[in-house]
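# A closer look at the structure
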Amino acid sequence: GGALYLGNLFSQLAPLGKLPGWYGIVQAFYPALLTYAVLFNVIPLGRNFWIKRQNEKIRQRNKIRKDWKTALASSIQNNSRLQKKLAAAKRMGTELKQVGADDIVFDTKQSFDEVKEQKGLSDEMKRF
């Protein structure tokens with residue numbers, strides 16, 4: 001609104017040519033001001049449409065996932081063999097390996113030479 005009003009004022013003063021002083025500077029930068037005002041409104045509007053489209057895609061993916069979950073749940077109830085397989089897969093997926101002292105290859109408390117001597121790596125490396 002304000003940029004258009006300012007443009008209207010400049011068009012009324014057009015017969016005078018270029019305005020003096022501060023008004024001349026504002027008149028010179030009017031195209032940039034108008035561009036900024038238009039983009040200030042167009043960018044959020046475009047972003048709104050883009051976000052709505054992205055949200056619709058997400059809703060579609062979620063609906064497909066929900067449909068597959070429902071289909072899987074109904075097939076699990078009807079098939080005991082499939083129930084056993086999924087239960088076994090679930091147990092295997094949640095097990096964590098605990099790293100113990102035997103699993104440590106190198107410790108910064110000792111130098112690499114000390115570790116080689118303890119593990120007998122120096123002789124093996126020479127033979128290699």
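About the thresholds
Residues numbered from 1 in each chain as written. Predicted model: local features only at pLDDT ≥ 70, side-chain atom pairs only at ≥ 80, totals over all residues. Heavy atoms only, no water. Helix = DSSP H or I, 4+ residues; strand = E, 2+ residues; numbered from the N terminus. Buried < 20%, exposed > 50% of the residue type's maximum accessible area, 1.4 Å probe, protein only. Contact = heavy atoms within 4.5 Å. Patch = residues over 30% accessible without salt bridge, like charges linked within 9 Å, V, L, I, M, F, W, Y side chains within 5 Å. Areas by Shrake-Rupley, 256 points an atom, 1.4 Å probe, with all protein chains shown as cover. Salt bridge = Lys/Arg side-chain N within 4 Å of Asp/Glu carboxyl O. Phe/Tyr/Trp six-rings, centres within 6.5 Å; stacked < 30°, edge-to-face > 60°. Lys, Arg positive; Asp, Glu negative; His and termini not counted. Charge placed at Lys NZ, Arg CZ, Asp CG, Glu CD. pLDDT = per-residue confidence, 0-100.

### What about the overall build of the protein?
Within the protein one finds 6 helices and 0 strands. In sequence order, the secondary structure elements of the protein are arranged as α-α-α-α-α-α. When each of the 128 residues of the protein is scored for burial, the buried share is 5%. The long-range fraction of contacts in the protein, counting pairs at least 24 apart against all pairs at least 6 apart in sequence, stands at 23%.

### Description of a nonpolar patch on the surface
On the surface, Val38, Leu39, Val42 and Ile43 cluster together into a nonpolar patch covering about 340 Å² of accessible area. Among the secondary structure elements, Ile43 is positioned in helix H3 (residues 30-78). Of the residues examined, Ile43 reaches a relative accessible area of 53% and is grouped as exposed.

### Considerations on the packing of aromatic side chains
Within this structure, the stated rule accounts for 1 aromatic pair. Between Tyr36 and Phe40 the ring centres are 5.9 Å apart and the planes differ by 40°, which places this aromatic pair in the tilted class. Highlighted residues: Tyr36 and Phe40, both in helix H3, separated by 4 residues, approximately one helical turn. Grouping residues by exposure puts Tyr36 and Phe40 together as exposed.

### Let's talk about the pattern of salt bridges
Counted under the stated rule, the structure contains 2 salt bridges. Measuring nitrogen to oxygen at the nearest pair gives 3.3 Å for the salt bridge that ties Glu56 to Arg59. Here the residue Glu56 and the residue Arg59 both occupy positions in helix H3, the gap between them amounting to 3 residues, near one helical turn. In this structure, Lys63 engages Asp67 in a salt bridge whose closest nitrogen and oxygen atoms are separated by 3.1 Å. Remark: Asp67 and Lys63 occur in helix H3; sequence separation between them is 4 residues, near one turn of the helix.

### Observations regarding a positive patch on the surface
Taken together, Arg53, Lys57, Arg61 and Arg65 make up a surface patch of like positive charges. Locating Lys57 in the fold gives a position in helix H3.

### Looking at the environment of Gln83
Relative to the helices and strands, Gln83 is located in helix H4 (residues 80-94). In sequence terms Gln83 and Ala73 are 10 residues apart; their C-alpha atoms lie 9.6 Å from each other. Beyond its immediate stretch of four places on either side in the chain, Gln83 contacts Ile76 and Gln77.

### Description of the confidence of the model for the protein
Scored by pLDDT, the protein has a mean of 78; 70% of the residues are at 70 or more. For the protein, the element scoring lowest by mean pLDDT is helix H6 (residues 121-127), at 60; H3 scores highest, at 90.

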